[in-house]
Structures are given as structure tokens and as C-alpha cells.
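In case you want the letters, here they are:
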Amino acid sequence: MGDAFIRHIELLGYEKRFFPSQHYVYMFLVKWNDLSEKLVYRRFTEIYEFHKALKEMFPIESGDINPENRIIPHLPAPKWFDGQRTTQSRQGTLAEYCYTLVSLPHKISRCLHVMNFFKVRPDDTSPVTDSQIKKPEVFLLPKDSKKNPTDITGPIVLQTYRVIADYEKSSRSEMALTAGEMVDVVEKSESGWWFCQLKNKRGWVPAAYLEPIDGPDESEEQEPNYAGELYVVQKSYTAAEEDELTLKEGDTIEVIHKLLDGWWVIRKDENTGYYPSMYLQKSGEENSPVKSELRNRSAPPRRSTIRNAKSIHKHSRKQISQETYRRNSRKYIQSRRNMKGNFKEKANIILEKNEQEENRSKAQPAVPPRPSKDLIMNRCTESTRRKIM
């Protein structure tokens, strides 16, 4: 595969830690060329020292010789005391810095200095903690943070989920699970893979193996939309279960229900069934390298295929059968056809009326009678009368 390099660095937010003393660390999701994704934590003072060393390594690109040649982004120096307000307000600048850094020429963005700084360290996977000190507070960056990063007003407590069955990881980027464990969800992806952390472990896990502690998670799922959204199949899949659909790349389908486990209910003509959401792309949406690489992964397991699930919500979880999906889809398709039929009938009636009106013979105007010679002589002027006479 060649030398490793970073393809994307995403700032997730920051943590407020209390051991060995109160301090703040930024959370970065580093995506490598081998499709692995690692979570690393860095203090701003570390980032600034890294930035200074990078400028010394590339004096021309840093603008030290000629300011007009500078392509390495600016980064403000740390303050004497970096409190929470400073840490929060700096996120927009730091997110932009990381985006620009990865976009620099390869001799900079893929140099050993950058690679080593963003590699996972032991304290990233096993942070030094003290059981007597309270748990770190996590502040996540909103999705639209580029527009307004100051929208973060307080700590966002990560959602805690219970593991309902054992799971063996199949790649380095995943995390093994044991039934009954409690994990914190850092990032939810509609592909059905969620990024979670458990004590000193972090990695991607199938959403189907998790359930919220408070109650069933139907409240997070959208209601079925039988009108359907047009999607295009980006990767072929052969059905492994009776209620799944087999589709080929390039097929156009309608998504009628988006589920948390990454298996969406779709409609092809009048057939409905489950299909991996990670193999679909919304019609008209441009393909991105990240989505293309994601499709190289295997689809997550479905919740219904997990055996011996120790779920406390198993009986109360609402299930929609495929027959219900098909019946409601037929009703919607039929109503849509009826609407089209009614529209055509109304259009035909209007056309017929217009044709009848056009073909209807119009009444000819009456021709006035020619005035008599005496009447003309009485009504004309004297000069006209003399000319006629």
C-alpha cells in the first residue's frame, strides 16, 4: 500500500479534564489512507509547538523568507492562561488549520513530523485518570460549526448505551463488545457504524449491538415515508435474508424508512425490503472520496440477526413487518396512480371544452344597410354637396 499518510483530520470538540489538574484537550478524529480512523487528544500548547517546528522545517512555505510565499496557515499563540472560553472560541480556527494542513503539498502534509504528531499515543487509548476525580466533561463541536462555532454553550454529555450481545471485531478500527457493557457514543453514522469509547478503548461498533439505557430507541428513528426519496445504488448486494433485496449498481430505488442499524427499507417498483444504507447515495448528490472508501467496508449486522441478545427492550421495541411496508407502499402507489388518472381526466375535459369552443361557429356581424342618396345629401357638408352636384 505504500507509506502511510493522513487523508483527513476532523476536530470533534474538546474535553475538560480534572487530573492531574484541570486542563483542556482537543479531540481529533484522524483518518488514514488505510481507512483506519483514530481518536487522538492534544493540548493546544502541544499543537502550537508542533506548528512552530513545522515552520522551521519549511521556512519558504511559512513565509519567513518572503511573506508572499506563505502557504502554511497561521495559528495564534497560546495565552498565559487558557480557560474554557478561550478553548471554545479557538475551535473554528483550529478546525480550519487542520483542513488546510492536510491540503498542503505532500512534502509538508505527509512529512514525518506531521505523521508522528497525529499518531496514536499510549495516553490516547489509556488516559491517566484518578477514580477519585470526576469524569471528564465532553464538549462536542456542532455539525455546522464552521458557520458559528460559538453555538456551544455547555457540556454535551455523551449518550450511554448498553451492549445487548457479544461482538468480535473484524478490523483494527473496530472495538470488541461484551454483553452488558456500557459504552459512550461519540459519533453516530447513518451507515450503522457508531464510534464509541469504553474506559481506555475506542473504536467503531455496529449500532445494532447497542440500545439506550432509558428506553427503546424508536424515538431516534424517523417515521416511514411512503412517498419515498430517490437514491441510486452505488454498490451491488445479494440478499442474504428473505426480507432483503438484491440490487445492482446503478439501480434507482426509493428509500421509505431509515433505520438506526444502517439497514434501510427501500422500494423497487412494488417490491420492498432491507438494503445497506452505506451502499446507497441520494439521487443528484455528488460522490465523495470518503463515501467511496466507506463502501469498501462490509455492511454492519442487522439487529434481527443478532442471536442471544440480552436486550431489556426486546419486548417493547416496535417492529414493522415487511407485509406492512408492502401493503402501505401499494396503497401509496395506487393513490399516486389515481391522482395521475384524475389529473389526466381533468386535463382531457379542459382540452375538449377548449376544442368545442374553438370549433363552435362564431356569429357573423350584421351588415348595415346602405344609406339612401337623399340621406347622404342631408348629412354631408356643404362643400361635399357642391362637389357632388
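Worth saying up front: this structure is predicted, and the values here are computed from it rather than measured. (Residues numbered from 1 in each chain as written. Predicted model: local features only at pLDDT ≥ 70, side-chain atom pairs only at ≥ 80, totals over all residues. Heavy atoms only, no water.)

### Remarks on a positive patch on the surface
- Judged by side-chain charge, Lys169, Arg172, Lys199 and Lys201 come together as a positively charged surface patch.
- Its location among the elements puts Arg172 in the loop between strand 5 (159-163) and strand 6 (182-188). (Patch = residues over 30% accessible without salt bridge, like charges linked within 9 Å, V, L, I, M, F, W, Y side chains within 5 Å. Areas by Shrake-Rupley, 256 points an atom, 1.4 Å probe, with all protein chains shown as cover. Salt bridge = Lys/Arg side-chain N within 4 Å of Asp/Glu carboxyl O. Lys, Arg positive; Asp, Glu negative; His and termini not counted. Charge placed at Lys NZ, Arg CZ, Asp CG, Glu CD. Helix = DSSP H or I, 4+ residues; strand = E, 2+ residues; numbered from the N terminus.)

### As for the sheet that holds strand 4 (residues 137-140)
- With antiparallel pairing, the four strands of this open sheet are ordered in space as 3-2-1-4. Two strands in the sheet have a free side with no partner beyond their single neighbour: strand 3 (37-42) and strand 4. Each strand of the sheet is rotated relative to its neighbour by a mean of 30 degrees, with strand direction disregarded.
- Of the strand pairs in this sheet, strand 1 (residues 6-17) and strand 2 (residues 23-32) are connected by ten bridges, and their pairing is antiparallel. Considered in strand 2, the bridge of Lys16 is made with Tyr24.
- In the packing of helix 3 (residues 91-103) onto the sheet, contacts are made with strand 1 and strand 2, and the angle to strand 1 comes to roughly 160 degrees. (Pairing = 2+ DSSP bridges. Axes fitted to C-alpha atoms, helices over the stretch in contact; angles between N-to-C directions. Contact = heavy atoms within 4.5 Å.)

### Remarks on the sheet that holds strand 14 (residues 280-282)
- Taken in spatial order, the five strands of this open sheet run 13-12-11-10-14, and their pairing is antiparallel. Two strands in the sheet have a free side with no partner beyond their single neighbour: strand 13 (271-276) and strand 14. The sheet shows a mean angle of 45 degrees between the axes of neighbouring strands, taken without regard to direction.
- In this structure, strand 12 (residues 263-268) lies alongside strand 13, joined through six bridges in antiparallel fashion. Bridge pairing in strand 13 places Trp264 opposite Tyr275.

### Let's talk about the side chain of Arg17
- One can find Arg17 in strand 1.
- Here the side chain of Arg17 touches Glu15 through a polar contact of 3.0 Å, side chain to side chain.
- Beyond its immediate sequence surroundings of up to four residues, Arg17 is in contact with Gln22, His23, Val25, Tyr41, Pro127 and Pro136. (Polar contact = N/O pair within 3.5 Å; in protein donor to acceptor, adjacent residues only side chain to side chain.)

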